[in-house]
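The residues making up each chain are set out below.
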Amino acid sequence: MTVWTWLALAGAVALALVAAAELRRHAAARAAGRRFLRHPTASLGVFILAFFVTLALAAPLVAPYDPARQLDPVHLQNQPPSLRFLLGTDVYSRDVWSRLVYGARLSLGIGTMAMLVAVTVGAGVGAVAGYFRHWLDAVLMRGVDVGLAVPRIFVLLMAVALWERLPLVALVLLIGFTGWFVTSRLVRAEVLSLREREFVAAARAVGAGPTRVIFRHVLPNAAAPIIVSAALGIGNVILLEAGLSFLGIGVPSPLPSWGSMIHDGWQWIVAAPWTSGFPGLAIAFVVMALNAVGDGLRDALDPRKEGT
Amino acid sequence: MTAWLVRRLAAAIAIVFAVVTITFVLIHLAPGTPFGADEQHQQDPEVIARLVRQFGLDQPLPVQYVLYLRNLLRGELGQSFSQHRPVADAIADTIPPTLTLAGAALVVDFAIGLALGVYQAVRARRFGDVVLGNVALFFHSLPTFWLGLVLLLVFGQWLHVFPVGGMRDPVLCPSVTSARCLGDVLWHLALPALTLGLVGAAGTARYQRAAMLEVVGQDYVRTARAKGLRERRVLLVHALRNALLPFITLIGLAFPFLLTGAVLVETVFAWPGMGRLSVGAIFQRDYPLVTGAALVASGVVVLGSVLADVLYAVADPRIRASGGST
């Protein structure tokens, strides 16, 4: 660790603090924002997320070593945390801190992208089913029933294991396409009630087609449940990716994702608990932050369900 | 009620059928065969051809599918490639361990979750509630397999309180025959059950707290207090009774969670259950075993949700009167 690394790390903390403070200031000005802040952990969650996002973006500055480089496979295996190696080294003599920082890119990136896919598909299917109703609704919702009946990790395991080395894009798409079922049910319920409202009838009376009505009038009003389920969903995806990588079939080695780091350190957990320990803690903190922010958002956007 | 139940069960069977079909197509679409040679294992092409013929893999996919369904109707799940015995036997052997683990995890889950949720609701928005709420949120956010690793390291390796894996001592207790061997199984069960149970309990507590808070504000609870009943009786008998209703939904939801968790936790603790069997079958491209496992897993999930609906109708007269709305 050089002076520069420490400076960059301090900068990341400062930036996260500023981001959280700035958000607090903005939020306190509005009623919904104040409801968000009333959640005991939401502000802390924003700080944790801002910190890890900064780490991910500024990875080359904050990481002292190349995450995939084996520094000295003979002498620097499984070194305990020290000033030189902040979180120790793993069995291949790679710096755990550097891998954790670069792992934030992969884990957060996969979580966000897969969630975007899932929310887009879920909102689309839910809107179409709720808006057109009748046989289209029946067919789509039976499909959702089937999707919900299979444990998600099972489908992913099957797809990933059978196709062997999957590119990352395919992994993201797969996780996304197996995660939209719950969102589509939520959106459908919302759309079913929205479509009977006057402003939708008015839009139709002016001659707007179904596409325009759904995208311009119905979906924007169903945004609250979509946003909340997205925030909670990213955490789920991160846990899922970690589970797949832990079984050795998610993110291919030597790319560092937090799950694959736990996988790499698992066999040596007695000799070097830090190799699996720290990435697990990172997952726990990020997912906890996402859950807290998701809860806070629900309190803010959907006051009827507050306090649950 | 009966008509509703029949419709619900028919839908459940249709869902499981769809899952089987999708699994079947998916694994047969995947490149490669289970008997293919790789770098390490050179295989005689003639042997491969014979195996492919023996298991009927040379037939076109629709023919294979029809054959599989016909066998399924007769209650046969086919022969496992890797275990050289019927799939049904292989799965049947792993069901008791998985049920044991899931049952024990559920007990931990509901016992801790219920107590925590009620306590938090009673102290809502005060110090104890906030602290416990955050602890629960933290546990809820843990990867189950990682919590398992940590518990294994601390209690198995460092403190030597619990064994580091497996279901029973292979030398002293090859099967459960005596009270001591039952104790041995329980001793092996403690850590995996605690792992799954703790993560589940965190979610249960959040649910239970919300349900309890909703009930505590209602008029009949105030009436009970006005009658002069002791606070303990008001909360634990009058309020909790109705706050337990959403709990039934949780039982249904717990099945997918336990199955998913089992896949990873069984791997960590070398627990000889269905999760580990499925993972092994998938890696070995054991088509019949994978399809069979998918059938059982989805069947359990769907039955779980039907069971939750039925329990709900039994427990809540308001739903029974309307003949089940869903």
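Just above, that's the structure.
Described in the following lines is the structure provided in the data block.

## Some details on the overall build of chain B
Part 1 of the argument: Summing up its helical and strand segments, chain B has 13 helices and zero strands in all.
Part 2 of the argument: Order of helices (α) and strands (β) in chain B, N terminus to C terminus: α-α-α-α-α-α-α-α-α-α-α-α-α.
Part 3 of the argument: Oriented by its inertia axes, the alpha-carbon framework of chain B measures out at about 85 × 55 × 40 Å.
Part 4 of the argument: Residues classed as buried in chain B amount to 44% of the 326 residues present.
Part 5 of the argument: Put simply, 72% of the contacts in chain B that link residues at least 6 apart link residues at least 24 apart.
Part 6 of the argument: As presented, chain B carries roughly 16500 Å² of accessible surface, and 65% of it is formed by carbon and sulfur atoms.

## Regarding a nonpolar patch on the surface
Part 1 of the argument: A contiguous nonpolar surface patch, about 400 Å² in accessible area, is contributed by A:Val3, A:Trp4 and A:Leu7.
Part 2 of the argument: Its location among the elements puts A:Leu7 in helix α1 (residues 3-28).

## Let's talk about the side chain of B:Ser278
Part 1 of the argument: Locating B:Ser278 in the fold gives a position in helix α11 (residues 274-283).
Part 2 of the argument: Within the local environment of B:Ser278, its side chain forms a polar contact with the backbone oxygen of B:Met274, the two atoms lying 2.6 Å apart.
Part 3 of the argument: Each residue touching B:Ser278, except ones within four places of it in the same chain, is listed here: A:Phe154 and B:Ala293.

## Some thoughts on the packing of helix α8 (residues 219-226) of chain B against helix α9 (residues 231-243) of chain B
All names here are of chain B.
Part 1 of the argument: Orientation of α8 relative to α9, taken along the N-to-C sense of each, is 155°, at an axis distance of 10 Å. The angle between the axes of α8 and α9 places the two elements in the roughly antiparallel class. Crossing handedness for the pair α8 and α9: right-handed. Judged by residue contacts, Tyr-220, Val-221, Ala-224 and Arg-225 of α8 engage Glu-231, Val-234, Leu-235, His-238, Ala-239 and Asn-242 from α9.
Part 2 of the argument: Here the contact of α8 with α9 is built from residues that sort into six nonpolar, two polar and two charged.

## A look at the pattern of salt bridges
Residues and elements named next belong to chain A.
Part 1 of the argument: The final tally for this structure, using the stated rule, is 13 salt bridges over all chains.
Part 2 of the argument: Between Arg-25 and Glu-22 there is a salt bridge, with the nearest N and O atoms lying 3.0 Å from each other. Within this pair, Arg-25 and its partner Glu-22 are both found in helix α1, separated by three residues, close to a single helical turn.
Part 3 of the argument: Here Arg-25 falls in the exposed class, since its relative accessible area comes to 56%.
Part 4 of the argument: The class for Glu-22 is partly exposed, based on a relative accessible area of 35%.
Part 5 of the argument: With a shortest N-O distance of 3.6 Å, Asp-264 and Arg-99 are connected by a salt bridge. Pair noted here: Asp-264 is in helix α13 (residues 258-266) and Arg-99 is in helix α5 (residues 96-132), with a separation of 165 residues, a long-range link.

## What to know about the packing of aromatic side chains
Part 1 of the argument: Counting across every chain of the model gives 11 aromatic pairs over all chains.
Part 2 of the argument: When the ring of B:Phe24 is compared with that of B:Tyr65, the centres are 5.4 Å apart and the planes differ by 55°; the resulting orientation is tilted. Here the residue B:Phe24 occupies a position in helix α1 (residues 2-29), and B:Tyr65 occupies one in helix α3 (residues 61-73), the gap between them amounting to 41 residues.
Part 3 of the argument: Looking at B:Phe24, the relative accessible area reads 4%, which means it is buried.
Part 4 of the argument: Taking the centre distance of 5.5 Å and the plane angle of 40° together, the rings of B:Phe24 and B:Tyr68 count as tilted. One end of the pair, B:Phe24, is in helix α1; the other, B:Tyr68, is in helix α3, and 44 residues separate them in sequence. Of the two residues examined, B:Phe24 and B:Tyr68, each falls in the buried class.
Part 5 of the argument: Connected via pairs of aromatic rings, a cluster forms that spans A:Phe51, A:Phe52 and A:Trp258.

Rules used in this analysis
- Residues numbered from 1 in each chain as written.
- Chains lettered and ligands numbered in written order.
- Predicted model: local features only at pLDDT ≥ 70, side-chain atom pairs only at ≥ 80, totals over all residues.
- Heavy atoms only, no water.
- Helix = DSSP H or I, 4+ residues; strand = E, 2+ residues; numbered from the N terminus.
- Buried < 20%, exposed > 50% of the residue type's maximum accessible area, 1.4 Å probe, protein only.
- Contact = heavy atoms within 4.5 Å.
- Areas by Shrake-Rupley, 256 points an atom, 1.4 Å probe, with all protein chains shown as cover.
- Patch = residues over 30% accessible without salt bridge, like charges linked within 9 Å, V, L, I, M, F, W, Y side chains within 5 Å.
- Salt bridge = Lys/Arg side-chain N within 4 Å of Asp/Glu carboxyl O.
- Polar contact = N/O pair within 3.5 Å; in protein donor to acceptor, adjacent residues only side chain to side chain.
- Axes fitted to C-alpha atoms, helices over the stretch in contact; angles between N-to-C directions.
- Parallel < 35°, antiparallel > 145°, perpendicular 65-115°, else oblique.
- Left-handed = near helix turned anticlockwise from the far one by under 90°.
- Nonpolar A, V, L, I, M, F, W, Y, C, P; charged D, E, K, R; others polar.
- Phe/Tyr/Trp six-rings, centres within 6.5 Å; stacked < 30°, edge-to-face > 60°.

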